Amino acid sequence: MKLLLKGGHVVSSEGTVAADVLIEEERIVEVGPDLSCDGAEIMEVGGKLLFPGFIDAHTHFDLHVAGTVTADDFYTGTKAAVRGGTTTIVDFGTQYPGETLEEGLKNWHDKADNKCSCDYGFHMSITEWNPAISKEIDRMVEEGVTSFKLYMTYDTQVDDRTIFEIVKRLKDVKGIAGVHCENSGVIAALQEETVNAGKMGVSSHPATRPAAAEAEAIARLLRIAQMAEAPIIVVHLTCEEGLKEIERARERGQEVYVETCPQYLLMNDSLYQLPGFEGAKYVIAPPLRKEADENALWDGLKNGEIQTVSTDHCSFTTVQKTLGEGDFRKIPGGMPGVETRGILMYSEGVRSGRITQEEMCRLLSENPAKLYGMYPRKGVIAAGSDADIVILDPAAEDVITAADQLQNVDYAPFEGRRVHGRIETVFLRGQKVVEHHQVMKELAGQYVARKPYMDL
């Protein structure tokens, strides 16, 4: 089957051009002006923007955490993702205590295989480290897992020595680690002080996880990576203080990549002051910061200091959030976001003049494809690439509501926000999976075995 998209504007990191796109089966065959092809189905897309399928490299589906399980599994999560223009997710497989990496990877395949409506891959979260686990790294790379997750806090955290040994080992296979940076000891001490003072409400969450605790952990991580002579990724960056530590490391000549998320760009810690338990909806880690931090992150996107925007989608219902009612430490940390990332970045980024549509393409498609070993199969509309295409109508308007979403939660963090633009149609490997902003084909996703990262 051949399909010809006629009259649209194709967006890449290098520019936006009026061009037609010819698709045959799962791949893009040709991109150029005034294309024709005998026997091809014609789809008119005049006035529309054609982006490469978005890649969300930070999701948590079907994750057992905080005494519960995330509200979105791979079925509901990927269905919501593809409606929002995300054609590939990279979720965090986890090696639980006592498990090998191979066992952890198998568990995540069991959760995801045959249940996804977009393509998918896995990072592996390493929580235990020994010579046997080190040997498994080669096997992980053979199975298409080339990126790994490390935590500097939670019960999954690894210590400084282990971080050093892991990132040095990953360098042998051109693997790379993304790290959750917060100072665990300081957080524990602040939480103890706060609890002893009887301050158990939602507002104590950000107070006990300050920006300085994130910046300190970032600085320490970067020095460890420097000594290991290894590249590193700082995930879900929230604050200006942390960004300054990254700038210093780059001035030293280090290879550092950075991710942030829409919630840190568009929300601030005033939400933790909402009456009652309402602020629990916004409890995430690291927490939301100040408006000045939002502005610093937007500047970081504009000047290229931040390379990707993912979601850290980790959804819980309002009932699940009440597990922490009366004790802020027990509120399951996380928010939904996989469905709204694309349109928020277009409306609040491109239309508001904070970034260009070319920069949006780089942040949501091209850079994550390169950083996570999928380029040029993914991340670009070009001959030979997968026909993952997002058709966005820049003239449309919508309002974000929980009633309209596919994310399996009973609230929308951006409830009532008017957005400019609409993701009308989505192709996944040449299959039309979204039409008129509604999912029309489910379970078309395939596992993506990834290659080593590319320098950005």
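The coordinates are above.
Note that this is a predicted model, so its numbers are computed, not measured.

Trainee: Explain the state of the cysteines to me, please; I cannot follow it from the model alone.
Mentor: Each disulfide consists of one covalent bond between the sulfur atoms belonging to two cysteines. All told, the structure shown has zero disulfides when counted by the stated rule. Here Cys239 is not cross-linked by a disulfide; its sulfur's nearest cysteine counterpart is in Cys181, at 9.9 Å. By relative accessible area, which is 0% here, Cys239 ends up buried. For the unlinked cysteine Cys361, the closest cysteine sulfur is that of Cys118, found at 18 Å. On the basis of relative accessibility, which here comes to 0%, the residue Cys361 falls in the buried class.

Trainee: What is the right way to read the pairing of strand E20 (residues 431-435) from this model?
Mentor: Regular strands place side chains that alternate from one sheet face to the opposite one. One ladder, built from three bridges, connects strand E19 (residues 418-428) with E20; its direction is antiparallel. Following the sheet pairing, Val426 is matched in E20 by Val434. Relative to strand E21 (residues 438-439), E20 runs antiparallel, the two sharing two bridges. Bridge pairing in E21 links Val434 to Val439. Two successive antiparallel strands, E20 and E21, enclose a turn made up of two residues, where His436 displays a positive phi of approximately 55°.

Trainee: Please explain the nonpolar core as it appears in this structure.
Mentor: The tendency in soluble globular proteins is for nonpolar side chains to be buried side by side. Residues Phe51, Leu150, Ile232, Leu301, Met345 and Met360 are the most contacted members of the largest nonpolar core, which totals 99 residues. Per-element tally for this core: the top contributor is helix H7 (residues 211-228), with seven residues. Val21, Val45, Ile381 and Ile389 belong to the second-largest nonpolar core, a separate cluster that totals 15 residues.

Trainee: Before we go on, may I ask you to explain unusual backbone geometry in this structure?
Mentor: The peptide bond linking Ala285 to Pro286 adopts the cis configuration, its omega dihedral lying at -5°. Assignment of secondary structure puts Pro286 in the loop between helix H9 (262-266) and helix H10 (291-302). Put simply, Tyr375 and Pro376 share a cis peptide bond, and its omega is 5°. You can see Pro376 is positioned in the loop between helix H13 (357-371) and strand E18 (389-399). Of note, the phi angle at Asp34 is positive, near 50°, even though the residue is not glycine. Look at Ala66: it is not a glycine, yet its phi comes out positive at around 55°. Counting through the fold element by element, Ala66 comes out in the loop between strand E9 (64-65) and strand E10 (68-69). Exposure remark for Ala66: the relative accessible area of 44% places this residue in the partly exposed category.

About the criteria used
Residues numbered from 1 in each chain as written. Predicted model: local features only at pLDDT ≥ 70, side-chain atom pairs only at ≥ 80, totals over all residues. Heavy atoms only, no water. Disulfide = S-S within 2.5 Å. Buried < 20%, exposed > 50% of the residue type's maximum accessible area, 1.4 Å probe, protein only. Pairing = 2+ DSSP bridges. Helix = DSSP H or I, 4+ residues; strand = E, 2+ residues; numbered from the N terminus. Core = buried A, V, L, I, M, F, W, Y, C linked by side-chain atoms within 4.5 Å.

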